[in-house]
Amino acid sequence: MKDRYLCPNCKKIINIDEDIILTGKNNKGEKGLILLHTELGNYSSKISDDCFCKEGEMIELFCPLCTESLNYEFKISYANLIKVEAGKQKNIIFSRKYGEKRTFKVEGKKITTYGEHALKYTDPEWFL
Ligand SMILES: [Zn+2]
C-alpha cells in the first residue's frame, strides 16, 4: 500500500508516489520546491535550485496546496506532517535545518526516531 502524507492544516495529500512535495523559503526569503522521500529515515531530498538550500541553513517549509507554514507549534526549529499508516494518522516531526537527519514519528505516547542526529532526543517529555 502506498504511503500517504497529509498537510496538518488542510489535510490534503501532499505526496505523489515517493515524493512529498513542499515549498520552502530560506533565510534570505528565496523560495524553491523541495521533495522529501516518503520513507522515514531516507534523507535523499531533491530541490528545485541547488543555490537555495545550504547545509545547516534553516528552511521554512510550507504546504504547496494551502500555503500554510508547516512549523511545529511546540518546537519552532521543526516542521510537522501527518503520515497515514494502516488508516491511522501519525505525527511526523523533523528538523527544518537542511542536512540535519532528525525525524520523529509520534503516535500517542509512542515515539520512534529516525536519522543519525535523532539519538540525542529520546526523552518523550521533549514533545509534551
Ligand atoms: Zn495544506
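Caption draft 1: Summary view of the overall build of the protein chain. Secondary structure assignment for the protein chain yields 0 helices and 11 strands. For the protein chain, the sequential pattern of α-helices and β-strands runs β-β-β-β-β-β-β-β-β-β-β. Once the C-alpha set of the protein chain is aligned to its principal axes, its extents read approximately 40 × 30 × 25 Å. Relative to its 128 residues, the protein chain shows a buried fraction of 37%. Sequence separation of 24 or more characterises 41% of the internal contacts of the protein chain that already satisfy a separation of 6 or more. Total accessible area on the protein chain is roughly 7500 Å²; 51% of this is exposed by carbon and sulfur atoms.

Caption draft 2: Broad picture of the coordination of the zinc ion. With distances of 2.3 Å, the protein atoms coordinating the zinc ion are Cys7 (SG), Cys10 (SG), Cys63 (SG) and Cys66 (SG). Along the chain, the residues that donate to the zinc ion are spaced as C-x2-C-x52-C-x2-C. Note that cysteine 10 is positioned in the loop between strand S1 (4–6) and strand S2 (15–16) and cysteine 63 in the loop between strand S6 (60–62) and strand S7 (71–72), a separation of 53 residues in sequence.

Caption draft 3: Summary view of the environment of isoleucine 111. Here isoleucine 111 lies in strand S11 (residues 110–114). With 20 residues separating them along the chain, isoleucine 111 and asparagine 91 place their C-alpha atoms 9.6 Å apart.

Caption draft 4: A look at the packing of aromatic side chains. As enumerated under the stated definition, the model contains 2 aromatic pairs in all. Note on tyrosine 72 and phenylalanine 74: the rings are 5.5 Å apart at their centroids and 75 degrees apart in plane angle, and the pair reads as edge-to-face. Exposure remark for phenylalanine 74: the relative accessible area of 56% places this residue in the exposed category.

Caption draft 5: Molecular detail of the nonpolar core. With 19 residues, the main nonpolar core has Ile14, Leu22, Leu61, Leu70 and Leu81 as its most contacted residues. Secondary structure elements with two or more residues in this core: strand S3 (19–25), strand S4 (31–37), strand S8 (75–85) and strand S9 (88–95). Those residues in contact with leucine 61 that sit more than four places away from it in its chain are Leu22, Thr23, Gly24, Ile34, Glu68, Ser69, Leu70, Ala79 and Phe94. In terms of nonpolar packing, the next biggest core, distinct from the first, is built from 6 residues, Tyr78, Phe104, Val106 and Ala118 among them.

About the cut-offs
The residue count restarts for each chain, going from 1 along the sequence in the order it is written. Where totals are concerned, whole chains, interfaces and linings use all residues; where local detail is concerned, this predicted model gives features only for residues with pLDDT of at least 70, and gives and counts side-chain atom pairs only at 80 or more. As a rule here, side-chain values cover all heavy atoms of the structure and leave hydrogens and water aside. Counting from the N terminus, the helices are DSSP H or I runs at least four residues long and the strands are E runs at least two residues long. Exposure classes here rest on a 1.4 Å probe applied to the protein chains alone. A residue is buried below 20% of its type maximum, exposed above 50%, and partly exposed in between. Note on contacts: a residue pair is in contact if any heavy atoms of the two residues lie within 4.5 Å. Under the convention used here, a 1.4 Å probe and the Shrake-Rupley method define accessible areas, while residue burial counts only the protein chains that appear. For Na, K and Ca the donor cut-off is 3.2 Å, while for other metals it is 2.8 Å, and in both cases only N, O and S atoms qualify; water is not among them, so sites may look incomplete. Here is the rule: rings of Phe, Tyr and Trp (six-membered ring for Trp) pair when centre to centre is within 6.5 Å. Planes less than 30 degrees apart are stacked, more than 60 are edge-to-face, and the remainder are tilted. Here, nonpolar core means buried Ala, Val, Leu, Ile, Met, Phe, Trp, Tyr and Cys residues that are tied together by side-chain atoms lying within 4.5 Å of each other.

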